[in-house]
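Next come the chains, spelled out residue by residue.
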Amino acid sequence: MTMLIAVHLLQNHAPSNLNRDDNNEPKDAIFGGVRRARISSQAIKRSIRWSPHFRTPFEEAQLGHLLAVRTQLLPEEVRKRLEHTDLADEAKQAIIEAAARLGKGERNPSSEEDSSDKKRGRGKGKGTAAGGEEKFKTAQLMFLTAKDIDHLTTRLSDIVRTKGIDYLQALQGDNLVGEIGAYEPHSVDIAMFGRMTTSSPFKDVDAAVQVAHAISTHGIETEFDFYTAVDDISGETGAGFIGDTTFNSATYYKYFSIDWEALVKNLNEDKNIAAMAVHALIKAAMFAIPSGKQNSFAAHNLPDLVLVEVRTDNIALSYANAFVKPVRATAQMSLLEASAKALQDYIPQINGIYNLKAERAFLSTVPFTLNGATSCTDLAALQTWLAAQGVHA
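Calculation criteria
Residues numbered from 1 in each chain as written. Predicted model: local features only at pLDDT ≥ 70, side-chain atom pairs only at ≥ 80, totals over all residues. Heavy atoms only, no water. Salt bridge = Lys/Arg side-chain N within 4 Å of Asp/Glu carboxyl O. Helix = DSSP H or I, 4+ residues; strand = E, 2+ residues; numbered from the N terminus. Buried < 20%, exposed > 50% of the residue type's maximum accessible area, 1.4 Å probe, protein only. Axes fitted to C-alpha atoms, helices over the stretch in contact; angles between N-to-C directions. Parallel < 35°, antiparallel > 145°, perpendicular 65-115°, else oblique. Left-handed = near helix turned anticlockwise from the far one by under 90°. Contact = heavy atoms within 4.5 Å. Nonpolar A, V, L, I, M, F, W, Y, C, P; charged D, E, K, R; others polar. pLDDT = per-residue confidence, 0-100. Pairing = 2+ DSSP bridges. Phe/Tyr/Trp six-rings, centres within 6.5 Å; stacked < 30°, edge-to-face > 60°. Lys NZ or Arg CZ within 6 Å of the ring centre and 35° of its normal. Polar contact = N/O pair within 3.5 Å; in protein donor to acceptor, adjacent residues only side chain to side chain. Expected span 1.5 Å × (residues − 1).

**Considering the pattern of salt bridges**
Pairing between side chains of opposite charge can happen when their charged atoms approach one another.
Link 1 in the chain: Applying the stated rule across the entire model yields 14 salt bridges.
Link 2 in the chain: Notably, a salt bridge pairs Glu 76 with Arg 79, separated by 2.8 Å at the nearest N-O pair. Note that Glu 76 and Arg 79 are positioned in helix α3 (residues 74-82) at a spacing of three residues, about one turn of the helix. One exposure class covers both Glu 76 and Arg 79, and it is buried.
Link 3 in the chain: Residue Arg 81 is joined to Asp 150 by a salt bridge in which the shortest nitrogen-to-oxygen separation is 2.5 Å. Of this pair, Arg 81 sits in helix α3 while Asp 150 is found in helix α6 (residues 146-163), placing the two residues 69 residues apart along the sequence.
Link 4 in the chain: On the basis of relative accessible area, Asp 150 is assigned to the partly exposed category, the value being 37%.
Link 5 in the chain: One continuous salt-bridge network, built from bridges that share partners, spans Glu 77, Lys 80, Arg 81 and Asp 150.

**Quick notes on the packing of helix α11 (residues 271-287) against helix α14 (residues 379-388)**
Link 1 in the chain: Here α11 crosses α14 at 150°, and the two axes come no closer than 11 Å. Classified by the angle between their axes, α11 and α14 sit roughly antiparallel to one another. Crossing of α11 over α14 shows right-handed handedness. Residues Val 278, His 279, Ile 282, Lys 283, Met 286 and Phe 287 of α11 touch α14, and the partners they reach there are Leu 379, Leu 382, Gln 383, Leu 386 and Ala 387.
Link 2 in the chain: Along the lines of polarity and charge, the residues of the contact of α11 with α14 split into eight nonpolar, two polar and one charged.

**Observations concerning the confidence of the model for the protein**
Link 1 in the chain: Taken residue by residue, the protein gives an average pLDDT of 88. The fraction at 70 or more is 91%.
Link 2 in the chain: Here residues 105-124 is modelled with pLDDT under 50, and outside its nearest four sequence neighbours on either side it reaches 31 contacts, counting other chains as well.

**Quick notes on the pairing of strand β2 (residues 28-31)**
Link 1 in the chain: Both β2 and strand β3 (residues 34-39) contribute to a ladder of four bridges, which runs antiparallel. Paired with Asp 28 across the strands is Ala 37, a residue of β3.
Link 2 in the chain: Hairpin connection, β2 to β3: the antiparallel pair is bridged by two residues, and Gly 32 has positive phi, about 65°.

**A short note on the packing of aromatic side chains**
Link 1 in the chain: Applying the stated rule across the entire model yields six aromatic pairs.
Link 2 in the chain: For the ring pair Phe 362 and Phe 368, a centre distance of 5.0 Å and an interplane angle of 80° mean the geometry is edge-to-face. With respect to class, Phe 362 is no different from Phe 368; both count as buried.
Link 3 in the chain: The side chain of Arg 55 reaches across the aromatic face of Trp 50, ending 4.0 Å from its centre.
Link 4 in the chain: Sitting above the plane of the Phe 143 ring, Arg 70 keeps its charged end 4.3 Å from the centroid.

**Here's the deal with unusual backbone geometry**
Link 1 in the chain: For Glu 269, which is not glycine, the phi torsion reads 65° and is therefore positive.
Link 2 in the chain: Mapped onto the fold, Glu 269 is located in the loop between α10 (260-266) and α11.
Link 3 in the chain: By relative accessible area, which is 54% here, Glu 269 ends up exposed.
Link 4 in the chain: Although it is not a glycine, Lys 293 adopts a positive phi angle of roughly 55°.
Link 5 in the chain: Mapping Lys 293 onto the fold places it in the loop between α11 and α12 (294-297).

**Focus on the side chain of Thr 217**
Link 1 in the chain: One can find Thr 217 in the loop between β9 (214-216) and β10 (223-229).
Link 2 in the chain: In this structure the side chain of Thr 217 is engaged in a polar contact, spanning 2.7 Å, whose partner is the side chain of Ser 339.
Link 3 in the chain: With residues up to four places along the chain from it excluded, the contact list for Thr 217 reads Leu 10, Arg 36, Thr 251, Tyr 252, Tyr 253, Phe 323, Pro 326, Val 327 and Ser 339.

**A short note on helix α4 (residues 89-100)**
Link 1 in the chain: Helix length check: α4 (twelve residues) gives 17 Å between terminal C-alpha atoms against 16 Å at 1.5 Å per residue, within 8%.
Link 2 in the chain: Judged by how many residues are buried, α4 sits mostly within the fold: nine of twelve residues are covered.
Link 3 in the chain: Among all positions in α4, only Ala 91, Lys 92, Ala 94, Ile 95, Ile 96, Glu 97, Ala 98, Ala 99 and Ala 100 are buried.

See below:
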């Protein structure tokens, strides 16, 4: 069944710096010829993945193994799994080094590294643990589940047992990957957000969920906070430290598109898990906030407008263009209310021109009406409505 689920949020944040650039300033973007506040999709996705609203439903259902982690420490995770095996130390080390040779991407050992380091996956794939013990890393971050790592450890152990240490040490690149064999993941967050690794036995997965960069519905100017800290013990007058930080305040438009059919396929046709994932994602999208400088700003503001759409046509549609012309606050209307009004006017216009149909429901603390849409009193009512559209366990 073709079904696209879209989530549109209007979320106003108090002064904050939730997502910084390389200058420690809030990220921004030019949209409609005007500079806007921006929160990257990567920051949004990470805050969702690690939100208790996303993880807890699976952990409480004893399905925590369906959640993945992103790490370069695959070889060290393999090391942990080898601790209680009967393999010789030399065999264990060969397996750990083989794991470090996976996921190399475009990164090659430098000319200063000797040939044995190149052969065994050391050099740039190697670090030092706190106790001084050699610590191995892959050259790229890898998105993995515990079962991925279990499978890899088992396959590398089988290769050592059946073909020997020297055989494993000689395997490189595609030959190593081919010997291990491809492994199909069964993970909620990989199924949703996708996975791409090079020189790896872990299959690439096309994302079933697309997440837009959040942008402000209006123009912004970055502001500066000059601050001082006083030495509590010295008794000296004046500042013991002087600094400054940048921040802004904005009403953001956020957009998520969920391809139900692709999600079910990525989860090996398990519709129950797919439905759990969609409900957890939508709830986490409402509650999860990137953590940048929150100790200094505490901009814990929930969305004031949540609109969910379900389409049976495979046509994704963002409403960002409702804000090409930046909204402005007036004496009678706040930025948030003006943003809701712009969205309310744009949705029937763009859908009407292209004869697009959708079932809709929304939550709102500000005036908002949409013909044919269900106005929900609370989050539970919105979830009940979504289940009635076919997204249920």
